[in-house]
Each structure stands twice: as structure tokens, then as C-alpha cells.
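Per-entry structural report
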Amino acid sequence: GASALLVAKAYGVKIIAIDIQDHKLELAKRLGATYTLHAHRDDILQRIYDFTDGAGVDYSIEASGARTSMELAYASVNKDRGVTVLAGNLKKGEKICIDPFDLLFGKILTGTGEHTTRPEKDFPQYAEMYLEGKLDLEKLITHRYHLEEINEAFLQLEQGNVCRAIIDFRL
């Protein structure tokens, strides 16, 4: 989610970041989110419709892999042209519930993964954006660890306390 937010910011679009952890919402603000919403404290759909004058967002990227957030991401996009991208994933066999009627009007639901990356095109584009100062990748780094702290780094990552970590391999 943070990487998608950073790229969206580079393109100058308005961004609504949603999470259940305050420290991740603070990070989203630092990365350039226009609005932040707490999934347990805010009426997410109502706030999104308020921000978009009732239309819904044009694009929604779901990166947590949680069923309710996937369904919410789909519900939040404009029914005539909205695109929902599922970057997170449920456990194999788990399902989400959507209203397929919206698909008849042009709403799009898709996934992302290795098959959607075009390294020969995407990587040079991101590198150029970085070199031009449009993509501040350093903002993603929230923690730095020495090699002997790698177990702690993994623990913090699993607990959702780390966005991106750097492991220093120097002795």
C-alpha cells in the first residue's frame, strides 16, 4: 500500500489512505495522502462519498489482504468507471462478496502480481521518477537493523510495525 501511495503521489492525484493502525496513517500522511481514515473509527464509505461528492473514487488499491477491506475497496469505486486492484491476498479458498451488478456498468475488479509487472518498461520508469526527485523512496524506509537484529526485524514486520526495513550486512 505504501508503495502504491508513493507512486500515486508522484502522479499528483488525491489519495485517501485507510488503515486500522494510527502509526500507518501517520506514515501515509508523510508519504502524501490527502486524507486518512481509520477503518475502525470512521464510516469509510460515507467519508469517501463525502470527499468525492457522492461519486466514489476512480481507483482503489487494496493491499492488506483482508476480506472486509477488499469488499470496501470495491464498494468505494465509481460504479460507471471505477477500478479496484487487489494487491493483497486472502488465504487460498477464502472468498469475498461483491455485487456483480456493478460490473455491468463498467466497474472493474482485478488483481496484481508478478504477471502484471513489466520490468522492461516499469523499472526504467520508476528509476527515472526517482532520479527526477518525483519518487522519494527513502520515505518508505521506517527502520534500519544490523544483521544480528534480523529476527527482530522479521518480528516487527509480521506485527505490522515496519513499512520497509534496511538490513545492514556490514560486520
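Shown above is the structure to which this text applies.
This is a predicted model, so every value here is computed, not measured. (Residues numbered from 1 in each chain as written. Predicted model: local features only at pLDDT ≥ 70, side-chain atom pairs only at ≥ 80, totals over all residues. Heavy atoms only, no water.)

Before going further, it helps to spend a moment on the overall build of the protein chain. Looking only at helices and strands, the protein chain features six helices and seven strands. When its helices and strands are written in sequence order, the protein chain yields α-β-α-β-α-β-α-β-β-α-β-α-β. Computed over C-alpha atoms, the radius of gyration of the protein chain comes to 17 Å, within 12% of the 16 Å expected from 2.2 N^0.38 for 171 residues, which places it in the range of a compact globule. Overall, the protein chain is about 60 × 35 × 30 Å in size when its C-alpha atoms are taken along their principal axes. In the protein chain, the share of contacts with a sequence separation of at least 24, taken over all contacts with a separation of at least 6, comes to 46%. Counting only carbon and sulfur atoms, one obtains 55% of the accessible surface of the protein chain, whose full area is about 11,400 Å². With 21 positive and 26 negative side-chain charges, the protein chain shows a spacing of 2 Å between the two charge centroids. (Helix = DSSP H or I, 4+ residues; strand = E, 2+ residues; numbered from the N terminus. Rg over C-alpha atoms; globule rule 2.2 N^0.38 Å. Contact = heavy atoms within 4.5 Å. Areas by Shrake-Rupley, 256 points an atom, 1.4 Å probe, with all protein chains shown as cover. Lys, Arg positive; Asp, Glu negative; His and termini not counted. Charge placed at Lys NZ, Arg CZ, Asp CG, Glu CD.)

In this structure, strand S3 (residues 59–62) lies alongside strand S4 (residues 83–86), joined through four bridges in parallel fashion. Paired with Ile61 across the two strands is Val85, which belongs to S4. Note on the crossover from S3 through helix H4 (residues 67–76) to S4: the handedness is right-handed. (Pairing = 2+ DSSP bridges. Right-handed = clockwise from strand over helix to strand, strands pointing away.)

For the rest of this paragraph, the subject is the sheet that holds S3. Read across the sheet, three strands follow the order S3-S4-S5 without closing on themselves; strand pairing throughout is parallel. Whereas interior strands pair on both sides, the edge strands pair on one side only; in this sheet they are S3 and strand S5 (108–111). Taken over all neighbouring pairs, the strand axes of this sheet differ in orientation by 15° on average, direction set aside. Contacts between H4 and the sheet are confined to S3, S4 and S5, with S3 contributing the most and set at about 175° to the helix. (Axes fitted to C-alpha atoms, helices over the stretch in contact; angles between N-to-C directions.)

Below, the discussion takes up the nonpolar core. By size, the foremost hydrophobic cluster in this structure holds 13 residues, and its most contacted members are Leu5, Leu31, Ala33 and Leu140. Secondary structure elements with two or more residues in this core: helix H1 (2–10) and helix H2 (22–31). Sequence-distant contacts of Ala33, defined by excluding residues within four places in its chain, comprise Leu5, Ile15, Ala17 and Ala28. Counting residues in hydrophobic clusters, the runner-up holds five residues, among them Leu37, Ile48, Val57 and Val77. (Core = buried A, V, L, I, M, F, W, Y, C linked by side-chain atoms within 4.5 Å. Buried < 20%, exposed > 50% of the residue type's maximum accessible area, 1.4 Å probe, protein only.)

Moving on, we come to H1. Residues of H1 that are buried include every one of Ala2, Leu5 and Leu6, and no others. On an axial view of H1, the arc spanned by its buried residues comes to 100°, and they lie on one face. Where the residues of H1 are buried, they touch strand S1 (16–19) and H2. Backbone geometry just downstream of H1 places Gly12 in the positive-phi region, at approximately 75°. (Arc of directions from axis to C-beta.)

Moving on, we come to the environment of Asp80. As for its position among the elements, Asp80 is in the loop between H4 and S4. Residue classification places Asp80 among the partly exposed positions, given a relative accessible area of 47%. With 56 residues separating them in the primary sequence, Asp80 and Asp136 have C-alpha atoms 33 Å apart.

Quick look at the environment of Asn78 now. Here Asn78 lies in the loop between H4 and S4. When the C-alpha positions of Asn78 and Gly56 are compared, they lie 4.4 Å apart, and in sequence the two are 22 residues distant. Contacts of Asn78, omitting those with residues within four sequence positions, involve Ala55, Gly56, Val57, Asp58 and Lys107. A polar side-chain atom of Asn78 sits 2.7 Å from the main-chain amide nitrogen of Asp80. Here Arg81 takes part through its backbone nitrogen, which lies 3.3 Å from a polar atom of the side chain of Asn78. (Polar contact = N/O pair within 3.5 Å; in protein donor to acceptor, adjacent residues only side chain to side chain.)

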